[in-house]
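Structural description and commentary
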Amino acid sequence: MKKKKIGIMTTGGDCSGLNTVIHRVVRGAALRGWTVVGILDGTDGLCGDKPRTIVLNEDVLPIENAKLSGSFLHNGHAGALNFETAIERGRVKQFNAQLRKSLAALKLDALILIGGNGSTSLAWANREIYSDLQLICIPKTIDMDMPVTERTIGFDTAVQQLTTFCDQLMLTARSHHRWFVVQAMGRDCGNLALNAGVAVGATAILIPEIKFNTDDLLAHIANAPTDYGIIMVSEGITLRGHSGRPADMIARKLTTAGILNRTAFPEHIQRAGDTTACDRILATKFADCALNAIENGETYVMTALKCGDVHTVSLSEFVASGEMVNDPNIPGLCTSNAYVEPDNPLLSIAQDMGIYIGNYK
Ligand code: F6P
């Protein structure tokens, strides 16, 4: 079999688990006698006169570093040229031509792109760029808002990070008989807040998918079996007539009702931390699936987890899924609608455990 040369890059926001994917791709490729070239800074690494790359092997990215968060390959500078900024600057044609030229110069047989909804949908929308090689995407995001796959790289570690953060707050909360309103990341999707909230035993979890009533929330806290605890608030919630950070809005309501509280913002801690075993196993499964897809001659596909089984789905199926919504401003960019569904079993379990989750059932 022909010895292949494959490229790999990380795009969009980072998360824990990216380095495990890269490491496993490198290891699996080496066993096949293939070469792996890491493209630095996502698409930005393909925009200069010469592509910015690094030849990857286990000396460069040793196994003990494969669990570290961030991306060994970087995800790009803020404001760098990428599909979105190229559209804003009216340079799409030049940008696409540049990427095609750089990929041709690298003489790649295949490219593994590790990205979220934005990168994956834009890769499909601009697919001519990749017509001379095989394009395999691997889904990652702490938001867990990608359709077609039941899990994304980085989500499990983010849940663990947020849970650990809240566990530590719980002790100081107890000492001072007060509440912590913790703001979780996740954009418009409540998966991260819901999962970490259940893990930590929060007293209330507010997510964008479920409407809530402030009076009910305050009554629930006032009648809780403890006078301290965690109120988990997803960054995507809104409160009519109020503006500012969601955790601040809720904290103000508590203060007005005489409930002692503080706010806490774990922010990018949720994208950090050593990768959990679950994320490392998923990273290994996706890397193996991607390498097999390359071996089988597949292209324009994405790895996905369904009922515990990993397989590829076509990118056309991904963007056509009922859960992807076109961005009106950026042609080809899809945002996701893959939110916490009302039939998510964790919602009723949370409610059974006395957690206030809003106007649910
Ligand atoms: O999409 C991942 C994510 O971490 C969101 O949860 C969050 O809203 C956003 O990215 C933060 O982006 P930035 O790193 O640009 O502040």
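Our subject is the structure that appears above.
Right, let's walk through the structure included here. (Residues numbered from 1 in each chain as written. Predicted model: local features only at pLDDT ≥ 70, side-chain atom pairs only at ≥ 80, totals over all residues. Heavy atoms only, no water.)

1. Brief notes about the pattern of salt bridges
Where we set the bar: Between Lys or Arg on one side and Asp or Glu on the other, a salt bridge is scored when a side-chain nitrogen of the former is within 4 Å of a carboxyl oxygen of the latter. Helix numbering and strand numbering both begin at the N terminus, where a helix is a DSSP run of H or I of at least 4 residues and a strand a DSSP run of E of at least 2. Remark: exposure states derive from per-residue accessible area (1.4 Å probe, protein chains only) relative to the maximum for the residue type, with buried under 20%, exposed over 50%, and partly exposed in between.
Within the structure shown, the criterion is met by 10 salt bridges. For Arg52, the salt bridge identified is with Asp41, shortest N-O distance 3.0 Å. Here Arg52 is found in the loop between strand S2 (35-39) and strand S3 (53-56), whereas its partner Asp41 is found in the loop between S2 and S3, with 11 residues between them in sequence. Residue Arg52 is classed as partly exposed on the basis of its relative accessible area of 33%. Take Asp41: its relative accessible area is 10%, and that puts it in the buried class. A salt bridge links Lys67 to Asp274; the nearest nitrogen and oxygen atoms lie 3.3 Å apart. Taken together, the positions of Lys67 in the loop between S3 and helix H2 (83-88) and Asp274 in the loop between strand S9 (261-264) and helix H9 (277-295) put the pair 207 residues apart, joining distant regions of the chain. The exposure class assigned to Lys67 is partly exposed, which follows from its relative accessible area of 28%. One network of salt bridges, with partners in common, ties together Asp41, Asp44 and Arg52.

2. Some points on the site of the ligand
Where we set the bar: Put simply, a residue is near a molecule or strand once any heavy atom of it comes within 4 Å of that molecule or strand. Whenever two N or O atoms come within 3.5 Å, that pair is a polar contact, provided that in protein one can donate a hydrogen and the other can accept it, and provided that, for residues adjacent in sequence, both atoms are side-chain atoms. Side-chain classes are defined by residue name, with Ala, Val, Leu, Ile, Met, Phe, Trp, Tyr, Cys and Pro counting as nonpolar, Asp, Glu, Lys and Arg as charged, and the others, Gly among them, as polar.
Taken together, Ile142, Asp143, Met185, Gly186, Arg187, Glu235, His268 and Arg271 form the complete shell of residues around the ligand. Arg187 is positioned with one of its side-chain polar atoms (N or O) 3.0 Å from an oxygen atom of the ligand. A per-class count over the shell around the ligand returns two nonpolar, two polar and four charged.

3. Brief notes about the sheet that holds strand S5 (residues 134-139)
We apply this condition: Whether two strands pair comes down to DSSP finding at least two bridges between them. The axes are straight lines fitted to the C-alpha atoms, using for helices just the contacting stretch, and the angles between their N-to-C directions are given from 0 to 180°. Residues count as neighbours in contact if any of their non-hydrogen atoms are within 4.5 Å of one another.
In spatial order, the strands read S3-S2-S1-S4-S5-S10-S11; together these seven strands make up an open sheet with mixed pairing. With partners counted over all chains shown, the strands left at the sheet margins are S3 and strand S11 (309-314), one partner each. In this sheet, neighbouring strand axes are inclined to one another by 30° on average, regardless of whether the strands run parallel or antiparallel. The pairing of S5 with strand S10 (residues 301-306) spans two bridges and is parallel. Bridged to Cys137 within S10 is Met302. Docked against the sheet, helix H1 (residues 18-31) engages strand S1 (5-10), S2, S3, strand S4 (110-115) and S5, running at close to 175° with respect to S1.

4. Structural notes on the packing of helix H5 (residues 155-175) against helix H6 (residues 191-200)
Note the threshold: Small angles under 35 degrees read as roughly parallel and large ones over 145 as roughly antiparallel, with 65 to 115 read as roughly perpendicular and the rest as oblique. In this scheme the handedness of a crossing depends on how the near helix is turned from the far one: anticlockwise by less than a right angle means left-handed, clockwise means right-handed.
Interhelical geometry of H5 versus H6 gives an angle of 45° and a closest axis separation of 9 Å. Overall, the two elements H5 and H6 adopt an arrangement that is oblique. Considering only the axes of H5 and H6, their crossing is right-handed. Contacts from Phe155, Ala158, Val159, Leu162, Thr163, Cys166, Asp167 and Met170 in H5 reach Asn191, Leu192, Asn195, Ala196, Ala199 and Val200 in H6. Partitioning the contact of H5 with H6 into residue classes produces 10 nonpolar, three polar and one charged.

5. Let's talk about the packing of aromatic side chains
Quick reminder of the rule: Here a Phe, Tyr or Trp ring, Trp counted by its six-membered ring, pairs with any other such ring whose centre lies within 6.5 Å, and the pair is stacked when the planes are under 30 degrees apart, edge-to-face when over 60, and tilted otherwise. Whether a charge sits over a ring depends on NZ of Lys or CZ of Arg being within 6 Å of the ring centre and within 35 degrees of the ring normal.
Evaluation of the coordinates by the stated rule reveals two aromatic pairs. With a centroid separation of 5.1 Å and an interplanar angle of 90°, the aromatic rings of Phe83 and Phe95 are classed as edge-to-face. Remark: Phe95 occurs in helix H3 (residues 92-106) and Phe83 occurs in helix H2; sequence separation between them is 12 residues. An identical accessibility class is assigned to Phe83 and Phe95; each is buried. Plain terms: the ring middles of Trp124 and Tyr300 are 5.7 Å apart, the flat faces sit at 80° to each other, and that makes the pair edge-to-face. Taken as a pair, Trp124 in helix H4 (residues 117-125) and Tyr300 in the loop between H9 and S10 lie far apart in primary sequence, 176 residues in all. Comparing Trp124 with Tyr300 shows no difference in burial state: the two are buried. In this structure, Arg127 packs its charged tip against the face of Trp124, placed 3.8 Å from the ring centre. Over the ring of Phe265 we find Arg245; its NZ or CZ atom is 3.7 Å from the centre of that ring.

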